[in-house]
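Structural overview for review
Spelled out, the chains give:
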Amino acid sequence: MSIELPEAAILAGQMNQHLRGKRINSWHLEDLAKLQKSKMVRADLEAFDRLVGSSIESVVSRGNTIRVKLNGEYNLIISPEYGGEILYHEKKTDRAMKIHLNLEFEDGTVLTIRLKGWGAIYPLTDHELEKMYTYARDFSDTMSPDDPAFTRDSFTEILSKYTKNIKMALVGKDAIIVGIQNSAFQDIIYRAGIHPKRRASDLDSNEANGLFDAIVALITERKAKGGKDQFIDLYGKQGEYVPVMGPNMKDENCPRCGGSIEKLAHGGGHVYICSSCQKADAKT
Ligand SMILES: [Zn+2]
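This structure is a prediction, so every number in the text was calculated from the model and none was measured.

**Structural notes on the overall build of the chain**
Per the secondary structure count, the chain includes 8 helices and 10 strands. Since a compact globule built from 284 residues should have a radius of gyration of about 19 Å, the 20 Å found for the chain is in line with a globular shape. By principal-axis analysis of the C-alpha atoms, the chain measures approximately 65 × 35 × 35 Å. For the chain, with 284 residues in total, the buried portion stands at 53%. A fraction of 65% describes how many contacts in the chain between residues 6 or more apart in sequence connect residues 24 or more apart. In the structure as shown, the chain presents an accessible area of about 13000 Å², 49% of it carried by carbon and sulfur atoms. Looking at the chain, you have 38 positive and 39 negative side-chain charges, and the mean spots of the two groups are 3 Å apart.

**A few points about the side chain of Thr109**
Note that Thr109 resides in the loop between strand E6 (101-105) and strand E7 (110-115). For Thr109, the residues in contact, after removing those within four places along its chain, are Lys22, Tyr88, His89, Glu90, Leu103 and Glu104.

**Overview of the nonpolar core**
As a rule of thumb, nonpolar side chains are buried together in soluble globular proteins. If you look at the biggest cluster of nonpolar residues, it comprises 35 residues, and the most contacted ones within it are Met15, Ile66, Val68, Leu76, Ile86 and Leu111. For this core, the element with the most residues is helix H1 (residues 5-19), which contributes 6 residues. In this structure, Ile180, Leu203, Ala214 and Ile219 belong to the second largest nonpolar core, which totals 32 residues.

**Comments concerning the coordination of the zinc ion**
Six octahedral donors at a metal ideally form angles of 90 or 180 degrees, and four tetrahedral donors ideally form angles of 109.5 degrees. Taken together, the protein ligands of the zinc ion are Cys254 (SG), Cys257 (SG), Cys274 (SG) and Cys277 (SG), with distances of 2.2 to 2.4 Å. Along the chain, the residues donating to the zinc ion are arranged with the sequence spacing C-x2-C-x16-C-x2-C. Classification of Cys257 by relative accessible area gives partly exposed; the value is 40%.

**Digging into helix H8 (residues 205-224)**
For H8, which comprises 20 residues, the first-to-last C-alpha distance of 28 Å matches the rise-based estimate of 28 Å (1.5 Å per residue) to within 8%. Of the residues making up H8, those classed as buried are Glu207, Ala208, Leu211, Phe212, Ala214, Ile215, Leu218, Ile219 and Arg222. Buried residues of H8 fall within an arc of 160 degrees about the axis and therefore sit on the same side. Residues of H8 that are exposed and point more than 90 degrees away from the buried face comprise Ser205, Asn206 and Ala224. The N-terminus of H8 is capped by Asp204, whose side-chain oxygen sits 3.1 Å from the backbone nitrogen of Asn206.

**Quick look at unusual backbone geometry**
Located in the positive-phi region is Asp31, a residue other than glycine, with phi close to 55 degrees. Take Asp31: it is sitting in the loop between strand E1 (24-29) and helix H2 (32-37). Among the residues examined, Asp31 registers a relative accessible area of 39% and is labelled partly exposed. Positive phi is not limited to glycine here, since Glu73 has a value of about 55 degrees. Mapping Glu73 onto the fold places it in the loop between strand E3 (65-70) and strand E4 (74-79).

**A closer look at the packing of H1 against H8**
When two helices pack together, you describe them by how their axes are tilted relative to each other and by the distance separating the axes. Running from amino to carboxyl end, H1 crosses H8 at an angle of 40 degrees, the nearest separation of the two axes being 9 Å. In terms of orientation, H1 and H8 fall into the oblique class. In this structure, the crossing between H1 and H8 has a hand that is right-handed. Between H1, through Leu5, Pro6, Glu7, Ala9 and Ile10, and H8, the contact on the second element is made entirely by Ile219, Arg222 and Lys223. Its residues placed into classes, the contact of H1 with H8 shows 5 nonpolar, no polar and 3 charged.

**As for the pairing of E3**
Of all the 6 residues making up E3, 6 are buried; the element is thus mostly covered by neighbouring parts of the structure. Where strand E2 (residues 56-62) folds back onto E3 in an antiparallel hairpin, the turn is made up of 2 residues, including Gly63, whose phi is positive at roughly 60 degrees. Strand direction decides the pairing type here: E3 and E4, joined by 5 bridges, are antiparallel. Pairing of Val68 across the sheet is with Leu76, part of E4.

Thresholds, definitions, all that
- Residues numbered from 1 in each chain as written.
- Predicted model: local features only at pLDDT ≥ 70, side-chain atom pairs only at ≥ 80, totals over all residues.
- Heavy atoms only, no water.
- Helix = DSSP H or I, 4+ residues; strand = E, 2+ residues; numbered from the N terminus.
- Rg over C-alpha atoms; globule rule 2.2 N^0.38 Å.
- Buried < 20%, exposed > 50% of the residue type's maximum accessible area, 1.4 Å probe, protein only.
- Contact = heavy atoms within 4.5 Å.
- Areas by Shrake-Rupley, 256 points an atom, 1.4 Å probe, with all protein chains shown as cover.
- Lys, Arg positive; Asp, Glu negative; His and termini not counted.
- Charge placed at Lys NZ, Arg CZ, Asp CG, Glu CD.
- Core = buried A, V, L, I, M, F, W, Y, C linked by side-chain atoms within 4.5 Å.
- Donors = N, O, S within 2.8 Å, 3.2 Å for Na, K, Ca; no water.
- Expected span 1.5 Å × (residues − 1).
- Arc of directions from axis to C-beta.
- Polar contact = N/O pair within 3.5 Å; in protein donor to acceptor, adjacent residues only side chain to side chain.
- Axes fitted to C-alpha atoms, helices over the stretch in contact; angles between N-to-C directions.
- Parallel < 35°, antiparallel > 145°, perpendicular 65-115°, else oblique.
- Left-handed = near helix turned anticlockwise from the far one by under 90°.
- Nonpolar A, V, L, I, M, F, W, Y, C, P; charged D, E, K, R; others polar.
- Pairing = 2+ DSSP bridges.

In structure tokens:
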């Protein structure tokens with residue numbers, strides 16, 4: 001499963017609490033050929049050498065991206081876009097464990113990262129950060145649903161001027177908010193009763209307000225429940241949030257109206273919807 005805003009925020013919060021001040025002693029990458037083929041790691045591996053001897057100053061997230069800030073203007077950017085496990089270990093890990101990056105700290109504790117789909121692990125200087133796609137997308141001026149700037153007025157105002165469909169408004173590089181991918185998207189538009197093919201600027205004010213409420217509710221609930229149900233946090237604890245709409249609802253009936261759930265091909269992926277609760281035409 002993808003790591004979206006709630007999961008990235010949970011991981012960054014735990015890492016900030018537990019890893020701050022730790023000094024990196026060594027790094028080790030596995031499955032390197034696969035990572036390099038998909039540009040999931042920096043091509044010049046010497047960049048990882050600069051991690052050694054650096055201490056972790058803070059860990060923050062924005063959108064789906066995690067920034068591990070090290071001393072000396074250096075960073076480790078972790079983007080587990082399409083899934084990943086970032087785990088903390090009290091001691092060296094079992095060598096049979098599947099990982100991509102293993103970081104050993106001076107005190108003998110270990111952080112392991114395994115990407116489970118496309119994603120990226122990039123050590124970067126402060127000056128190089130903006131060159132990385134996921135960092136530039138997420139640590140940007142685009143609103144984040146957990147920022148104070150994300151208000152009902154600011155969201156509905158921008159939405160009313162967005163002339164592409166609602167999926168493009170919420171997901172991807174042209175979205176008006178960061179942190180949402182296909183999973184959260186399906187959940188949000190079902191809660192708001194909006195069809196994915198609707199044009200954002202065509203939503204009436206009730207619908208736009210409903211969409212704002214659905215985004216806030218989803219982010220809040222997913223964080224409170226420790227992330228989505230297939231997510232594993234820094235300590236290996238599984239999340240408990242079960243999506244209200246998505247692939248888990250295949251062959252189920254709509255909990256609201258009892259109608260059947262449909263799978264639509266849309267926006268380069270699939271979206272599960274209830275076509276009774278989520279009408280393609282504007283409400284009259
Ligand atoms: Zn329904």
